[in-house]
Amino acid sequence: MIEEIHYGILAVHIIVGFALVYLAMKAFKKTKYPPMALLAAGFALIVVGDTIIGDIVETFGESLVGEIIEEGIEIAGFIVLILAVKRS
């Protein structure tokens, strides 16, 4: 039961995360404002790092290398978001 709830929450997390990425890309296409593309890329890295890579690491057991990769991708996403905000 708990595992099904976990997967349900994970699915919602992915859907909401990629909805945010989609809306940012849609705004970039409409405005052609470069920081908006950076915003979309940053959100995508965070969603992929936190949700997808994080659950792959969790599925195959907690490994330090997997955790480092997951956190590295998330940090890269935050750096891209900072660049987007600074350039806007």
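Keep in mind that what you see is a predicted model, and the values were worked out from it rather than measured. (Residues numbered from 1 in each chain as written. Predicted model: local features only at pLDDT ≥ 70, side-chain atom pairs only at ≥ 80, totals over all residues. Heavy atoms only, no water.)

**Some thoughts on a nonpolar patch on the surface**
Then step 1. Judged by side-chain polarity, Met1, Ile2, Ile5 and Ile9 come together as a nonpolar surface patch covering roughly 480 Å² of accessible area.
Then step 2. On the secondary structure map, Ile2 appears in helix α1 (residues 2-31). (Patch = residues over 30% accessible without salt bridge, like charges linked within 9 Å, V, L, I, M, F, W, Y side chains within 5 Å. Areas by Shrake-Rupley, 256 points an atom, 1.4 Å probe, with all protein chains shown as cover. Salt bridge = Lys/Arg side-chain N within 4 Å of Asp/Glu carboxyl O. Helix = DSSP H or I, 4+ residues; strand = E, 2+ residues; numbered from the N terminus.)

**Looking at the environment of Ala76**
Then step 1. Tracing the chain through its elements places Ala76 in helix α3 (residues 64-87).
Then step 2. Spatially, the C-alpha atoms of Ala76 and Ala41 are 9.8 Å apart, while their sequence positions differ by 35 residues.

**Considerations on the confidence of the model for the chain**
Then step 1. On average, residues of the chain score 90 in pLDDT, and 100% of them are at 70 or above.
Then step 2. The least confident element of the chain is helix α2 (residues 34-59), whose mean pLDDT is 88; the most confident is α3, at 92. (pLDDT = per-residue confidence, 0-100.)

**Remarks on α2**
Then step 1. Look at α2: 37 Å from first C-alpha to last across 26 residues, which is about the 38 Å you get at 1.5 Å a residue.
Then step 2. By the largest-angle criterion, Val48 marks the main kink of α2, which is about 30°.
Then step 3. Tucked inside the fold, the buried residues of α2 contact α1 and α3. (Expected span 1.5 Å × (residues − 1). Bend = angle between axes of the 7 residues up to and from the residue. Contact = heavy atoms within 4.5 Å.)

**Regarding α3**
Then step 1. Over its 24 residues, α3 extends 34 Å from the first C-alpha to the last, a length consistent with the 34 Å expected when each residue adds 1.5 Å.
Then step 2. Along α3, the residues classified as buried are Gly66, Glu70, Glu74, Gly77, Val80, Leu81 and Ala84.
Then step 3. Those residues of α3 hidden inside the fold are in contact with α2. (Buried < 20%, exposed > 50% of the residue type's maximum accessible area, 1.4 Å probe, protein only.)

**Brief notes about the environment of Arg87**
Then step 1. Inspection of the secondary structure puts Arg87 in helix α3.
Then step 2. In this structure Arg87 comes out as exposed when scored by relative accessible area, which is 57%.
Then step 3. Taking the C-alpha atoms as reference points, Arg87 and Ile15, separated by 72 residues in sequence, lie 28 Å from one another.
Then step 4. Other than its neighbours up to four places away in sequence, Arg87 contacts Tyr33, Pro35 and Leu38.

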